[in-house]
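# A look at the structure
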Amino acid sequence: MTQIQHAHGTRASDSAEPAPWWRQAVVYQIYPRSFADADGDGLGDIAGITSRADYLSALGVDAVWLSPFYPSALADGGYDVADHRDVDPRLGTLDDFDTMLAALHARGIKVVVDIVPNHCSDQHVWFQEALRAGRGSPERERFVFREGTGPGGEHPPTDWLSAFGGPAWHRVADGQWYLHHFAPEQPDLNWDHPDWREDFVRTLRFWSDRGVDGFRVDVAHMLTKDLTEPLPSQAELDAMPKDGLHRTIDRDDVHDVYAQWREVFNSYDPPRTAVAEAWVSSDRIPLYASETSLGQAFNFDLLIADFDAEQFRRVVTHNLELAGRTRSSSTWVLSNHDVVRHATRYGLPAPERRPDGEPAVKHGMEWLRSGGTDPRLDRDLGGRRARAATLFMLGLPGSSYLYQGEELGLHEVADISDGERQDPSFFRSGGEDVGRDGCRVPLPWSREGVALGFGEASPHLPQPSWMADHAVEQQSGVPGSTLELYRRALARRREWQCDEDLEWLPTGREDVLHYRRPNGWEVVTVFGDADHAVSRPVALLSSDDAVGSRVVPPQTTAWIAPSRTD
Ligand code: NOJ
């Protein structure tokens, strides 16, 4: 039986126009408060990003995506936005932002910013007005206020649960309750209200006019809600089909919002781009990725897969097929600011899986709860597999999203004391969920110094001593280091641009995947424990610096250049 399959993605060369930059870009996610601290207050800032523009350029990324840098009380790491059209004064000013944008653009790096439309901060001026204006006021209409149930309305309107644990309703001083799908400091917006529709268009124009190239749309599947009475219970919500008519999630009418945004994006030259963070079933992803909606959507399938040949192959084939249903390209992600870093996930026992394939519990949670001692993490194995998975991903058609620090082979930080934790999931779950701080620890730039080169002050989250071994300074120019592997891979990939197709080749082994791109480059990944022979010399190997051999070692990806006769 032949193992050859073709994915029928949109071809980069379908038209005479060059393919838009985002279709096969490498996008590097910056978590600004933990990237580089230029003003020495322990918190990363915009000027810190500017100071590292040369680093980003040498790394070879096509774009950066900035997690929120807006004014915020930091109840959720900046995803509680108090003003969508300004910079947090602790991170800088709009002038600093313009300087950063110019520095990155001068190096050919695009800039994508995070937009958070499901909720805002309880410090947002409209929410503060709503609190003052009282029940029944037009100001409260912009949010989701309801009377409580029970004697004196002392119980929430429904038993809905928030994503960070605890009830999804919070009671204000006059006795009314408001809806917050995330932390209480993040009131949900009422998207039936024209003020938000106008305000977000203003925000998109504000950043687009400054020269921003695109937007990452936070929880893009949650904005619109059908809140007609009676409201269903949590059990009823859970039982409803997610078919576009669910009361609170992934409703078809959210695309009316994005159709309006699309007009804004397309009014610029080049059109501004958007990528949806939508945790929806994969058959609904194309709606977000369509040309009339946001244009591209994350798929998190590789991120939740084990380091396993069969799972990786299934994920790739399925997502290329999905991308082919729209005129979009696929996206690939292994790590971001919400999950345990992939070097650590791959060094821990594989998680138990639910019938739908998702991890039964957050992968790495037991190890995190133990402060990093139980079960034991095999750091070397995790790092080796992570480099192999990354090189496998970077060869695929579509765009790859990298998370700051993965190019240094960073592991999750487990030993953060309760008093130093910041993530609301930790506080709202009473410590049951340790939270996401472990992947948000400031980057190590040098071996020495109070913050390992991150800045001059002690960093806002503690850096363990092992981070020094991963410092940029430690790895730069060192053959075989993870940083040099990323640099070499990204440099090669830039030479590669080609149609968005992929052909699987037979390997004769269940634990080895082999694919070829239309330009003749081939990628071979050995997931298992035995060497695998290939017929041509390898040009790049994820596990060491040796090139030219015809053997791919265990837990390793090889890139093989086109043969001269191709
Ligand atoms: C998704 C973001 O990635 C996450 O960090 C945040 O907590 C939630 N959305 C709420 O904004």
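Residues numbered from 1 in each chain as written. Predicted model: local features only at pLDDT ≥ 70, side-chain atom pairs only at ≥ 80, totals over all residues. Heavy atoms only, no water.

Glancing now at the nonpolar core. Y28, L56, V64, F69, F97, Y258 and W261 are the most contacted members of the largest nonpolar core, which has 131 residues in total. No other element matches helix α13 (residues 379-394), which puts seven residues into this core. Ignoring anything within four residues of it in the chain, the contact list for Y258 reads V217, A220, L223, Y288, T292, S293 and L294. (Core = buried A, V, L, I, M, F, W, Y, C linked by side-chain atoms within 4.5 Å. Buried < 20%, exposed > 50% of the residue type's maximum accessible area, 1.4 Å probe, protein only. Helix = DSSP H or I, 4+ residues; strand = E, 2+ residues; numbered from the N terminus. Contact = heavy atoms within 4.5 Å.)

What follows deals with the sheet that holds strand β11 (residues 503-504). What the five strands build is an open sheet, ordered β11-β12-β13-β17-β15; its pairing is antiparallel. In the strand order of this sheet, the two ends are held by β11 and β15 (540-541), each with one partner. Relative to strand β12 (residues 512-516), β11 runs antiparallel, the two being bridged by two bridges. Bridge assignment links W504 to a residue of β12, and that residue is Y515. (Pairing = 2+ DSSP bridges.)

Positionally, Y486 belongs in helix α16 (residues 482-495). It is 8.6 Å that separates the C-alpha atoms of Y486 and T390, two residues lying 96 residues apart in sequence. With near-sequence residues (within four places) excluded, Y486 lies in contact with L59, H342, T390, L402, E406 and E407.

If you walk through the whole model with that rule in mind, you get 40 aromatic pairs. Between F69 and W207, the ring centres sit 5.4 Å apart and the planes meet at 90°, which makes this aromatic pair edge-to-face. Remark: W207 occurs in helix α5 (residues 194-210) and F69 occurs in the loop between β2 (63-66) and α3 (94-106); sequence separation between them is 138 residues. Exposure class is identical for F69 and W207. Each is buried. Pairing F127 with F145 gives two aromatic rings, centres 6.0 Å apart and planes at 15°, and the pair type is stacked. Remark: F145 occurs in strand β4 (residues 145-146) and F127 occurs in helix α4 (residues 125-133); sequence separation between them is 18 residues. Just as F127 is buried, F145 falls in that class too. The rings of W126, F127, F143, F145, Y178, W191, W196, F200, Y258 and W261 are connected pair by pair, giving a single aromatic cluster. Over the ring of F426 we find R421; its NZ or CZ atom is 5.9 Å from the centre of that ring. (Phe/Tyr/Trp six-rings, centres within 6.5 Å; stacked < 30°, edge-to-face > 60°. Lys NZ or Arg CZ within 6 Å of the ring centre and 35° of its normal.)

The strand order across the open sheet formed by three strands is β4-β6-β5, and the pairing between neighbours is antiparallel. Each edge of the sheet is formed by a strand with only one pairing partner; in this case those strands are β4 and β5 (169-171). Two elements, β5 and strand β6 (residues 177-179), share three bridges in a ladder whose sense is antiparallel. By the bridge assignment for β6, W169 is matched with L179.

A separate point is α16. With 14 residues, α16 should cover 20 Å at 1.5 Å per step; its first-to-last C-alpha distance of 20 Å lies within 8% of that length. Regarding α16, the residues found buried are T482, L483, E484, L485, Y486, R487, A489, L490 and R493. (Expected span 1.5 Å × (residues − 1).)

Among the 13 residues in the neighbourhood of the ligand, the closest are listed as D76, H119, D218, H337 and D338. One of the side-chain N or O atoms of R216 is found 3.1 Å from an oxygen atom in the ligand. One of the side-chain N or O atoms of D338 is found 2.5 Å from an oxygen atom in the ligand. Contact with the protein chains removes 97% of the 300 Å² of surface that the ligand exposes when unbound. Among the residues making up the shell around the ligand, the classes are represented as four nonpolar, two polar and seven charged. (Near = heavy atom within 4 Å. Polar contact = N/O pair within 3.5 Å; in protein donor to acceptor, adjacent residues only side chain to side chain. Areas by Shrake-Rupley, 256 points an atom, 1.4 Å probe, with all protein chains shown as cover. Nonpolar A, V, L, I, M, F, W, Y, C, P; charged D, E, K, R; others polar.)

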